[in-house]
Amino acid sequence: MDQISLVPRHPPPLPLAFSGDRKEFFHLVVRGAGLELITVGFYRFWLATDIRRHLWSNTVIDGDAAEYTGRAKELLIGFLFALAIIVPVYLAYFVASLQAERIKAFASFPLLAFFYLFGQFAIYRARRYRLTRTVWRGVRFWMDGSGWSYAARAALWAVLVGLTLGLLLPWRDAALERYKMRHSYYGDLQGSFEGSGWEFFKRGWWLWLLAPFALYIFPLAPFVYGAFKAVEWRWWISGIRFGGVSLGSTMPRGALIGLYWKVIGWIVLLALAFVAYLALSAGLAASMSGMPLKQFFAPQVVSKNIPFLVFVGVGYLGFALAINVVLRLYLLRDVWVRVLASTSVHGIEAAANVSARGDLATALGEGIADGLDVAGF
Amino acid sequence: MRVQFDAMNNGPGQDASPRPIVYFDGMSSRRRAVVLGFADQLQINEDEQAIAAWSYADIRRADSPSGTLRLTCLTAPALARLEIRDANVAAELTACCTRLDENIPGRGGIAKIIGWSLAATVSIVVMVLFGVPLAADRLTPMVPQALERRLGEASDGQVSVVFGKQVCNNAAGQRAFAKLVNTLRETAGLDTAVQTAVLSSPIPNAFALPGGKVYLFRGLLAKAENADEIAGILAHELGHLKHRDNMRELIYNGGTSFLIGLLFGDITGSGALIFTSRSLVTASYSRDAEQNADSFAIDLMHKLGRSPKPMGELMFRVTGKEGDRSISILASHPLTEDRLARMSNEDQPPSGPPLLTAEEWTSLKAICNSKS
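This one's a predicted model, so the numbers in the text were calculated from it and none came from an experiment.

Novice: How do you make sense of the overall build of chain B when you look at a structure like this?
Specialist: The secondary structure content of chain B amounts to eleven helices and ten strands. Looking at the 372 residues of chain B, the share that counts as buried comes to 35%. Sequence separation of 24 or more characterises 65% of the internal contacts of chain B that already satisfy a separation of 6 or more.

Structural data, given as structure tokens:
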């Protein structure tokens, strides 16, 4: 565009903006949680898609919002395909572990390593799916590279991290990010990752020292984890490049700690409400059974009272779904917003005329990740 | 999700002048300022030149932030986008495009999703209640004995880790035990693949492993008062072997765990749901298997001319009255008092010879004493 030539050689960094309404997102996840309950979880594909559509389409870069073009049906089909793969794998795993057990009792545990590999493969392929559904200015992001090659790297690094009690984690993250980013593209702009393990280590080593204490002293844990996530985000964002476009982050260490405390606060409140509800329904069930309270609360009576058990089951589900809403609101949407607010883009003019390239990937990886309960970014 | 045209603006050109309409052709990321012409088709013009024409019926809405109307066209490149930030133009265009919202996912589809998931739920429940038990019954005879034995060896390894594998092998006790087991085995029509042993564990229990291993624990032997009590217990375990209950339960548990896990997907806390519902259905299945093994034991004891009642008495001595303590629908075994009542009904005066002589019974009781 013409105006670009008028701009000085080093244009100021561009901030990213988020234009989404928090209330709208809240309604989205509340409604989604309710539908998940009614559909015994099948709605999760639609909910995940709606959440991404909301987050993507409200993320504004240089005046233009991104778009998520994935659809829930793709996730459902990916899940069904993943089942067709996972079921025989589970069976083969079962037979293989029988053979291994025969040699030595409990020797089947190393076979879990196979599932770890499979999970990492799924993480890579799921990222690929999400990236190919991400569109900005009419051009999609895409990815090549091999999920198995990534899984092998992830597994070898995991062994090293385990042996050094987590000290090598920054170098693992850097190596894996380099692999992922150099196989990521925006149109014909190739991505790369310039963050180094040493930089990550310099920013986060003191958290590594605090981690053992955080495991034992509860109030320390949210601080340590929140600070770690902030350091990780800042380091990750600052390393991302697409051709001449680079990202920068100024996220302070304390940026996410408040969110974690809010989540803890809500969970405590919800737990109190759940306990109060249990007391109320016990009272109700006792009056329905017509027994004196003291007799009703004898363990053998209360555990056999069907109306009370039904109350407990319903209350528990409500409790679990409410926690789901809280987690999605604070740890998904609010984290997203804070990360965007601290991110800036340099050299966006390099993306002004990028040619579209790359094909769509299937949602198989998402399906496997869903089946194995693994998650990654 | 309806787009609201409020005063909010995200793009450049926030001045009073009409906001530019931006076109992305889907081939490159170039931002092209365009002018729209409303003819029989939507004309998209850049610098007085027509660069695209979209038929109104093919225009669909794409996701966008509020304040922006983002359009796509079915016949244009898949990622070609037209972005309109001016509320008046957006309103005019919305009025022309009658099928604008036809591809918005979820619209009217929610009922369909609910319907399909209810159907899936019903089908999974039917499978768990009828399909899997049937499959377990049909598949069990098809599993080769060799595989079952291998399975037994695998669980045998775990047994020795959990309980310590101290086999009681006092010679006289062994002879008495072998005599008792052989009598039962031959009457039951089982072959010599059955292996039995007394383990030196204080837990009062006995169990059968797949492939024909039966273990009796010292703890149970210590509580027994006569040979018929132990014979009844062993007969019950032989019943499990005869019916191949281990294999059947393995197939059944695997199938139900898988299906129920499938049903509850990833609702937070679904772990507890899966656990409860699985316990409910597998417990009922296991109770049926225990009932059948009891019937087998009663039958076998009758064939030998002995009463099954002592077996019930031994179990009652070990567990006491259970009705007060456990929820009967969650229990893996029928309540002991019910089992005792059933065996008492089947009580009959002995018509056959005692299974062990008094001397042999004493040696069996002492099988775990290593001396002599």
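Novice: So what exactly am I meant to see when it comes to the nonpolar core here?
Specialist: Soluble, globular proteins show a tendency: their nonpolar side chains are buried together. Judged by nonpolar contacts, the single largest core of 63 residues is most densely connected at Ala122(A), Val139(A), Tyr186(A), Ile368(A), Tyr23(B), Ile44(B) and Trp54(B). With eight residues, the top contributor of residues to this core is helix H5 (residues 112–132) of chain A. Each residue touching Tyr23(B), except ones within four places of it in the same chain, is listed here: Arg32(B), Val34(B), Ile44(B) and Leu82(B). With 45 residues, the next largest nonpolar core counts Val181(B), Ala188(B), Ile230(B) and Ala293(B) among its residues.

Novice: In this structure, what is going on with the domain arrangement of chain B? I would like to understand it.
Specialist: A common measure of how large an interface is: the accessible area buried when the components associate. Under the domain assignment, chain B is made up of domain 1 (21–96) and domain 2 (117–365). Computed from C-alpha atoms alone, the centre-to-centre distance between domain 1 of chain B and domain 2 of chain B is 73 Å.

Novice: How should the pairing of strand S1 (residues 21–24) of chain B be read in this particular structure?
Specialist: A regular strand carries its side chains on alternate faces of the sheet. Residue and element names in this part refer to chain B. Residue alternation in S1 divides its side chains into two sets, Ile21 and Tyr23 and Val22 and Phe24, and both sets are buried. For S1 and strand S2 (residues 32–38), the ladder comprises three bridges, and the chain directions are antiparallel. The residue bridging Tyr23 from the neighbouring strand is Arg32, located in S2.

Novice: When you look at the confidence of the model for chain A in this model, what are you seeing that I'm missing?
Specialist: Low pLDDT means the predicted coordinates in that region are not meant to be read closely. Per-residue confidence for chain A gives a mean pLDDT of 85; residues scoring 70 or more make up 86%. Between residues 1–8 of chain A, whose pLDDT stays under 50, and residues either more than four places distant or in other chains, the model counts four contacts.

Novice: Which parts of the structure should I look at to understand the sheet that holds strand S5 (residues 59–62) of chain B?
Specialist: In any sheet, the strands associate via hydrogen bonds between backbone groups, in a parallel or an antiparallel arrangement. All names here are of chain B. Read from one edge of the open sheet, seven strands run S4-S3-S2-S1-S7-S6-S5, paired in antiparallel fashion. Strands at the two margins of the open sheet, each flanked by one partner only, are strand S4 (49–54) and S5. Strand-to-strand twist in this sheet, taken as the mean axis angle between neighbours without regard to direction, amounts to 35°. As judged from the three bridges shared by strand S6 (residues 69–73) and strand S7 (residues 81–84), these two strands associate in the antiparallel manner. Considered in S7, the bridge of Leu71 is made with Leu82.

Novice: Honestly, the pairing of S5(B) in this entry has me stumped. Any pointers?
Specialist: Residue and element names in this part refer to chain B. In terms of strand pairing, S5 meets S6 through four bridges, oriented antiparallel. Across the sheet, residue Arg61 finds its bridge partner in S6, namely Leu71. Counted between consecutive antiparallel strands, the loop separating S5 from S6 contains six residues, among which Gly67 sits at a positive phi close to 100°.

Novice: Can you help me understand helix H13 (residues 306–341) of chain A in this one?
Specialist: Helical periodicity: at 3.6 residues per turn, an α-helix aligns residues three or four positions apart in one direction. Residues and elements named next belong to chain A. Over its 36 residues, H13 extends 51 Å from the first C-alpha to the last, a length consistent with the 52 Å expected when each residue adds 1.5 Å. Approximately 25° is the largest bend angle found in H13, and it occurs at Asp334. For H13, the set of buried residues is Phe308, Phe319, Ala320, Leu321, Asn324, Val325, Arg328, Leu329, Arg333 and Val339.

Novice: Mind showing me how you'd approach the sheet that holds strand S8 (residues 184–186) of chain A here?
Specialist: Residues and elements named next belong to chain A. The strand order across the open sheet formed by nine strands is S1-S12-S11-S10-S9-S8-S7-S6-S5, and the pairing between neighbours is antiparallel. A strand with exactly one partner marks an edge of an open sheet, and here the two such strands are strand S1 (14–15) and strand S5 (67–68). The sheet contact formed by S5 and strand S6 (residues 134–136) spans two bridges and is antiparallel. Within S6, the residue paired with Glu67 across the bridge is Val135. Set on the sheet, H5 makes contact with S6, strand S7 (139–143) and S8; between it and S7 the angle comes to about 170°.

Novice: How do you make sense of helix H3 (residues 44–57) of chain A when you look at a structure like this?
Specialist: Residues and elements named next belong to chain A. Counted at 1.5 Å a residue, the expected span for H3 with its 14 residues is 20 Å, and the 20 Å between its end C-alpha atoms agrees. Burial of H3 is extensive: ten of the 14 residues sit out of reach of the surface. All of the buried residues in H3 are Arg44, Phe45, Trp46, Leu47, Thr49, Asp50, Arg53, His54, Trp56 and Ser57.

Basis of the calculations
Residues numbered from 1 in each chain as written. Chains lettered and ligands numbered in written order. Predicted model: local features only at pLDDT ≥ 70, side-chain atom pairs only at ≥ 80, totals over all residues. Helix = DSSP H or I, 4+ residues; strand = E, 2+ residues; numbered from the N terminus. Buried ≥ 20, exposed ≤ 12 C-beta atoms within 10 Å, placed from the backbone. Contact = placed C-beta atoms within 7 Å. Core = buried A, V, L, I, M, F, W, Y, C linked by C-beta atoms within 7 Å. Domains from an automatic or database assignment. Pairing = 2+ DSSP bridges. pLDDT = per-residue confidence, 0-100. Axes fitted to C-alpha atoms, helices over the stretch in contact; angles between N-to-C directions. Expected span 1.5 Å × (residues − 1). Bend = angle between axes of the 7 residues up to and from the residue.

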